[in-house]
Amino acid sequence: MMLEYLTYAALALLVIMFLSQAIRILREYERGVVFTLGRFTGVKGPGLIILIPVVQQLVKVDLRVMVQVVPPQDVISRDNVSVKVNAVLYFRIVDPERAIIKVGDYMAATSQLAQTTLRSVLGKHELDEMLAERDRLNADIQEILDKQTDVWGIKVTGIEIKDIDLNETMVRAIAKQAEAERLRRAKVINAMGEQQAAEKLVEAGRILAQEPQAMQLRYFAALHDIAGERSSTVVFPLPTGLLDHFMPRRDNPYGKQQADPSSASMGVSNVDPYLNGRTIR
């Protein structure tokens with residue numbers, strides 16, 4: 001009797017072991033690559049899968065997007081600047097059969113390929129392009145990786161350059177370059193402002209020249225502005241044309257009134273006080 005119980009227990013244990021090896025349940029994002037006696041027989045899943053123990057083996061494959069950090073890489077740019085660049089790689093498996101059969105370890109293979117592609121692509125560009133055109137560089141690297149991993153059944157959905165580390169010397173050089181660029185822009189903007197101001201002044205001068213009274217009004221406005229300031233100095237704009245009335249003319253350096261031509265014709269002589277009473281004929 002005891003022997004029968006042991007026999008039934010052994011049979012039940014064998015059945016449990018058989019079912020545990022034969023029944024597999026795959027989630028919605030998983031697929032199973034089935035090998036029968038070492039030969040590929042198909043991809044199954046998701047859901048309940050029944051296998052023949054010992055004869056069939058199942059390899060699970062995750063179809064979700066995977067994230068892999070690319071380690072920092074030493075890159076020498078086209079303008080001979082050494083930088084350290086790391087990135088983040090996003091990919092997923094679209095063909096489980098090729099991902100398992102065509103490559104031994106698709107995770108390691110994709111990581112190594114991403115590192116070499118990152119160095120080769122960035123080495124063809126200058127440092128300014130690495131810093132300013134990351135989107136274009138990301139697209140170029142993604143395109144190259146996607147073509148090479150297509151034979152493995154892997155789709156590269158994206159790659160993002162994460163950090164670009166520079167040494168202290170290059171950081172200072174870039175800071176000086178940026179400062180010089182800002183000074184250049186400031187000087188250009190200042191020159192453009194002077195040019196526009198000169199054009200406006202010329203235009204205002206033409207308008208004021210059409211009406212002399214307008215200039216006098218501008219004088220009064222300037223005096224009003226000066227009077228409003230708390231200053232002990234008052235600047236009074238004096239027209240230069242007003243001084244002509246007080247300055248001697250070139251044809252009469254002594255400021256005397258010339259004789260009437262009619263009186264000279266009548267024999268009247270002009271007496272110059274500076275010639276000691278001598279007459280001028």
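The rules we used
Going along each chain's sequence as written, the residues are numbered from 1 onward. With pLDDT at 70 or above as the cut-off, local features in this predicted model cover only qualifying residues; side-chain atom pairs require 80 or more to be listed or tallied, and sums for whole chains, interfaces and linings still use all residues. Excluded from the side-chain calculations are hydrogens and water; all other atoms, namely the structure's heavy atoms, are used. Secondary structure elements follow DSSP: runs of H or I no shorter than four residues count as helices, runs of E no shorter than two count as strands, and numbering proceeds from the N terminus. Pairing of aromatic rings covers Phe, Tyr and the six-membered ring of Trp, with a centre-to-centre limit of 6.5 Å; geometry is then stacked below 30 degrees between planes, edge-to-face above 60, and tilted otherwise. Geometrically, a lysine NZ or arginine CZ counts as sitting over a ring once it is within 6 Å of the ring centre and also within 35 degrees of the ring normal. Patches were defined on residues exceeding 30% relative accessible area and lacking a salt bridge, with like-charge contacts within 9 Å and nonpolar side-chain contacts (Val, Leu, Ile, Met, Phe, Trp, Tyr) within 5 Å. A 1.4 Å probe and the Shrake-Rupley method give the accessible areas. Residues count as covered only by the protein chains that appear here. Salt bridges, as used here, are contacts in which a Lys or Arg side-chain nitrogen is within 4 Å of a carboxyl oxygen on Asp or Glu. Whether two strands pair comes down to DSSP finding at least two bridges between them. For helices, the fitted axis covers only the stretch in contact; all axes are lines through C-alpha atoms, and the angles between them, taken along N-to-C directions, range from 0 to 180 degrees. Contacts between residues were defined by any pair of non-hydrogen atoms, one from each residue, lying within 4.5 Å. If an angle is under 35 degrees, it is roughly parallel; if it is over 145, roughly antiparallel; if it lies from 65 to 115, roughly perpendicular; otherwise it is oblique. It is the rotation of the near helix from the far one that decides the hand of a crossing: anticlockwise by less than a right angle makes it left-handed, clockwise makes it right-handed. Gly counts as polar in this scheme, as do all residues outside two lists: the nonpolar Ala, Val, Leu, Ile, Met, Phe, Trp, Tyr, Cys and Pro, and the charged Asp, Glu, Lys and Arg.

Residue G45 is joined to P46 through a cis peptide bond whose omega torsion reads -5°. When you line up the elements, P46 lands in the loop between β3 (39-44) and β4 (47-50). The backbone phi angle of V54 is positive, close to 70°, even though this residue is not glycine. Tracing the backbone shows V54 in the loop between β4 and β5 (56-62). Even without glycine at this site, N80 takes up a positive phi of about 60°. Counting through the fold element by element, N80 comes out in the loop between β6 (66-76) and β7 (82-93).

We now examine the packing of aromatic side chains. Taken as a whole and assessed by the stated rule, the structure comprises 1 aromatic pair. For the cation-ring pair, R64 lies above Y29, with the distance from its terminal atom to the ring centre recorded as 3.9 Å.

Next up on the list: a nonpolar patch on the surface. Where nonpolar side chains cluster on the molecular surface, the patch consists of M2, L3, Y5, L6, Y8, L11, L13, L14 and M17 and spans about 1,000 Å² of accessible area. Relative to the helices and strands, L3 resides in helix α1 (residues 2-22).

Moving on to the sheet that holds strand β8 (residues 154-165). Ordered by their spatial adjacency, 3 strands build an open sheet running β6-β7-β8, and the pairing between neighbours is antiparallel. This sheet does not close on itself; its edge strands, each paired only once, are β6 and β8. Across this sheet, the average inter-strand angle for adjacent strands is 25°, counted without regard to direction. Across the sheet, helix α3 (residues 106-122) is in contact with β6, β7 and β8; its angle to β6 comes to roughly 35°.

A side chain with one charge may pair with a side chain of the opposite charge, provided their charged atoms come close. Under the definition given, this model contains 10 salt bridges. Here D146 makes a salt bridge to K155, at a shortest N to O gap of 2.8 Å.

If you walk across this open sheet you meet the 3 strands as β3-β2-β5, and the pairing is antiparallel. With partners counted over all chains shown, the strands left at the sheet margins are β3 and β5, one partner each. Within this sheet the neighbouring strands show an average axis-to-axis angle of 25°, counted without direction. Strand direction decides the pairing type here: strand β2 (residues 30-36) and β5, joined by 7 bridges, are antiparallel. Bridge assignment links T36 to a residue of β5, and that residue is Q56.

Glancing now at the pairing of β3. In this sheet, β3 lies alongside β2 in antiparallel orientation, the contact comprising 5 bridges. Within β3, the residue paired with G32 across the bridge is K44. With antiparallel pairing between neighbouring strands as the criterion, β2 and β3 make up a hairpin whose turn holds 2 residues, including L37 at a positive phi of roughly 55°.

Any two packed helices are characterised by how steeply their axes cross, that is the angle between the axes, and by the distance between the axes. The contact between α3 and helix α5 (residues 134-149) brings their axes to 10 Å, and the two run at 135°. Comparing the axis directions of α3 and α5 gives the class oblique. Helix-helix and strand crossings are classified by hand; for α3 and α5 the assignment is right-handed. From α3, L113, A114, T117, L118, V121 and L122 reach across to α5, where they touch L137, D140, I141, I144, L145, Q148 and T149. The class makeup of the residues in the contact of α3 with α5 is 9 nonpolar, 3 polar and 1 charged.

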